[in-house]
Amino acid sequence: MMIPTVDIATRVYNHKWKIDPIVRSLIDTDFYKLLMCQSVFRNSPDTTVTFSLINRSKSVRLADLIDEGELREQLDHVRGLSLTRGESTWLRGNTFYGKRQMFRPDFMEFLENLRLPAYQLEKRDGQYELTFEGKWPEVMLWEIPALAIIMELRSRAVLKDMGRFELQVLYARGMARLWEKIEELRKLGPDLRIADFGTRRRHSFLWQDWCVQAMVEGLGDERFIGTSNCLIAMRRDIEAIGTNAHELPMVYAALAKNDAELQQAPYKVLADWHEEHDGMLRIILPDTYGTKHFLDHAPDWLAGWTGIRIDSGDPAEGAETAIAWWKSRGEDPREKLIIFSDGLDVAKMHELFARFHGRVKVSFGWGTLLTNDFRGLVPGDGLAPFSLVCKAVAANGVPTVKLSDNPEKATGPQDLIEHYKKVFEIGAQKRITVEV
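Since we're looking at a predicted model, the values are computed, not measured.

1. Focus: the packing of helix 4 (residues 68–79) against helix 8 (residues 143–159)
At a minimum axis distance of 10 Å, the contact between helix 4 and helix 8 shows a crossing angle of 145°. Viewed along their axes, helix 4 and helix 8 form a crossing whose handedness is right-handed. Together, Glu 70, Leu 71, Gln 74, Leu 75 and Val 78 of helix 4 and Pro 145, Ile 149, Ile 150, Leu 153 and Arg 156 of helix 8 make up the contact between the two elements. Residues that form the contact of helix 4 with helix 8 fall into these classes: seven nonpolar, one polar and two charged.

What follows is the structure, given as structure tokens:
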């Protein structure tokens, strides 16, 4: 179903949120959340999980920028959403990754009856403390809408006093910037494979939709392979892209009864995933508790999987580690896929493509600097992207931990972080500033 492009500047200037709610659909979310939700619905439906908003960029004082009443209105609006008949039909009948009926009838019935659970919101030290608690399959679907709401309310706060022409010029500059990036990406040639991963930290829904359309026109459907955003994928008739995320091993690890189970938790996640998807969608995300330890101790059956997503640490170093691991397991890296997805922009993609093209199959999941790059375009740089996450912080009352390949991205109580480091044999790590 094709819909026309909108005049974003005019829409922002004449903005009425009931016409333009920030999150306008339960499937205005990332595809991997629905895939993971189905797996959780099958394997851990009664686990209670708590999610919490974490602003890594403390200098951005969200509670000073965003009106609490507006935030509550947007959150309450999401609680009233349910799948439309068209959305349900799309999920039930569409082909994803070459497979029809990716979503089982029992899961679809659950999703069709779902309303998101309650939230808790408080202000503290210039930040919002926003938490969600409930049964894992229900509460996990708050993550992406919560992030999208906060990010867009921040954008609206910065834009609210701008005039009509000022807004038109701002968006014209943003569009020109993105088109220049697309022209640079074309230089990588016909083997480029890139997808939009920008839902969670987008400037706005309308802007993400525009960016996706620009990528379709500028790169074509051979090089631009799709979007993680289900609503945009449905409306624009393009592929929905995604597999799984750190949330699964974080919760599985928190539920481990001893250190032996803790060490095996990341592999149990992927064993369940393999069974859930009949051997499809076989992309490993190895960095939750350190890529090196994960690969050193990985069972042989994982070496046969399709590829690896690199989401923290030095991306080139991570790719070299993956290539060496495949070779050590008797696999041909040239037949494997590496998806780079951490903090990407055009220069970094050029660098990585030049180094690894021909050695592996290279793909990029382009996030924040695709859908939210207005750096330097307003006074005080008030639209510069910042690092906001919404993480599972507890499972059945037990705190979760994420270590990552970059200690700046570690989350969890410090004593548990230190314990996990011992269990997963994490040595010295290079600190890399988290920009987005």
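2. Comments concerning the sheet that holds strand 4 (residues 119–124)
Backbone hydrogen bonds are what pair the strands of a sheet, in a parallel or an antiparallel way. Spatial ordering of the open sheet is given by 4-5-1-12-13, a layout of five strands whose pairing is antiparallel. Unpaired on one side and paired on the other, strand 4 and strand 13 (398–399) mark the two borders of the sheet. Of the strand pairs in this sheet, strand 4 and strand 5 (residues 127–135) are connected by six bridges, and their pairing is antiparallel. Within strand 5, the position partnered with Tyr 119 by the bridge is Phe 132.

3. Looking at the pattern of salt bridges
Pairing between side chains of opposite charge can happen when the charged atoms of each approach one another. As enumerated under the stated definition, the model contains 32 salt bridges in all. Across the pair Glu 275 and Arg 42 runs a salt bridge whose closest N-O atoms are separated by 3.4 Å. Here the residue Glu 275 occupies a position in helix 13 (residues 259–276), and Arg 42 occupies one in helix 2 (residues 31–43), the gap between them amounting to 233 residues. When the shortest N-O distance is used, the salt bridge between Arg 177 and Asp 373 registers 3.2 Å. Placement of Arg 177 in helix 9 (residues 164–186) and of Asp 373 in the loop between helix 17 (368–371) and strand 12 (388–395) is noted, with a sequence separation of 196 residues between them.

4. Overview of unusual backbone geometry
The residue Asp 125 is not glycine, and still its phi comes out positive at about 55°. Topologically, Asp 125 is positioned in the loop between strand 4 and strand 5. For Asp 381, which is not glycine, the phi torsion reads 55° and is therefore positive. Structurally, the position occupied by Asp 381 is in the loop between helix 17 and strand 12.

5. Considerations on the packing of aromatic side chains
Under the defined criterion, the tally for this structure stands at 24 aromatic pairs. The interplanar angle of 50° and the centroid separation of 5.3 Å between the aromatic rings of Tyr 289 and Tyr 420 together place this pair among those described as tilted. Linking Tyr 289 in the loop between strand 8 (283–284) and helix 14 (291–296) with Tyr 420 in helix 18 (residues 414–423), this pair joins segments that are 131 residues apart in sequence. Relative accessible area serves as the criterion here: at 4%, Tyr 420 is assigned to the buried category. Cluster of aromatic residues (ring-pair linked, three or more members): Phe 31, Phe 41, Trp 90, Phe 96, Tyr 97, Phe 103, Phe 107 and Phe 110.

6. Observations regarding the pairing of strand 10 (residues 337–340)
Both strand 9 (residues 307–310) and strand 10 contribute to a ladder of four bridges, which runs parallel. Following the sheet pairing, Gly 307 is matched in strand 10 by Leu 337. Viewed along the sheet, the connection from strand 9 through helix 15 (residues 315–328) into strand 10 turns out right-handed. With four bridges connecting them, strand 10 and strand 11 (residues 361–366) associate as parallel partners. For Leu 337, the partnering residue across the bridge sits in strand 11 and is Lys 361. Handedness of the crossover joining strand 10 and strand 11 through helix 16 (residues 346–356): right-handed.

7. Let's talk about helix 18
All buried positions along helix 18 are accounted for by Ile 417, Tyr 420 and Val 423. Down the axis of helix 18, the buried set is contained in an arc of 120°. They therefore lie on one face. Pointing more than 90 degrees away from the buried face of helix 18 are the exposed residues Gln 414, Asp 415 and Lys 422. In this fold, the buried residues of helix 18 make contact with helix 12 (247–254), helix 13 and helix 14. One or two steps after helix 18, the chain reaches Glu 425, where phi turns positive at roughly 55°.

8. Observations regarding a negative patch on the surface
On the surface, a cluster of negative charge is made up of Asp 67, Glu 70, Glu 73 and Asp 76. Here Glu 73 lies in helix 4. Here Glu 73 falls in the partly exposed class, since its relative accessible area comes to 36%.

Conventions used here
- All chains use their own residue numbering, which begins from 1 and follows the written sequence.
- With pLDDT at 70 or above as the cut-off, local features in this predicted model cover only qualifying residues; side-chain atom pairs require 80 or more to be listed or tallied, and sums for whole chains, interfaces and linings still use all residues.
- The basis for every side-chain value is the complete set of heavy atoms in the structure, and neither hydrogens nor water enter the calculation.
- Here the axes come from fitting lines to C-alpha atoms, over the contacting stretch only for helices, and the angles between their N-to-C directions go from 0 to 180 degrees.
- Counting from the N terminus, the helices are DSSP H or I runs at least four residues long and the strands are E runs at least two residues long.
- With the far helix as reference, a near helix turned anticlockwise by less than a right angle produces a left-handed crossing, and one turned clockwise produces a right-handed crossing.
- In what follows, a contact means two residues having at least one pair of non-hydrogen atoms within 4.5 Å.
- Each residue is assigned to one class: nonpolar for Ala, Val, Leu, Ile, Met, Phe, Trp, Tyr, Cys and Pro, charged for Asp, Glu, Lys and Arg, and polar for all the others, Gly among them.
- Two strands form a pair only when DSSP identifies at least two bridges running between them.
- We define a salt bridge as a side-chain nitrogen of Lys or Arg found within 4 Å of a carboxyl oxygen belonging to Asp or Glu.
- Two rings from Phe, Tyr or Trp (for Trp, the six-membered ring) form a pair when their centres are within 6.5 Å of each other. A pair whose planes differ by under 30 degrees is stacked, one over 60 is edge-to-face, and the rest are tilted.
- Remark: exposure states derive from per-residue accessible area (1.4 Å probe, protein chains only) relative to the maximum for the residue type, with buried under 20%, exposed over 50%, and partly exposed in between.
- When the strands point away from the viewer and the connection leading from the first strand across the helix to the second strand turns clockwise, the crossover is called right-handed.
- Here the arc refers to the directions that run from the helix axis out to each C-beta atom.
- Candidate patch residues must exceed 30% relative accessible area and have no salt bridge, after which like charges are joined if within 9 Å and Val, Leu, Ile, Met, Phe, Trp or Tyr side chains if within 5 Å.
- Working definition of accessibility: Shrake-Rupley area with a 1.4 Å probe, residue cover restricted to the visible protein chains.
- As used throughout, the charge tally considers Lys and Arg to be positive and Asp and Glu to be negative, leaving His and the chain termini uncounted.
- The location of each charge is read from NZ of Lys, CZ of Arg, CG of Asp or CD of Glu.

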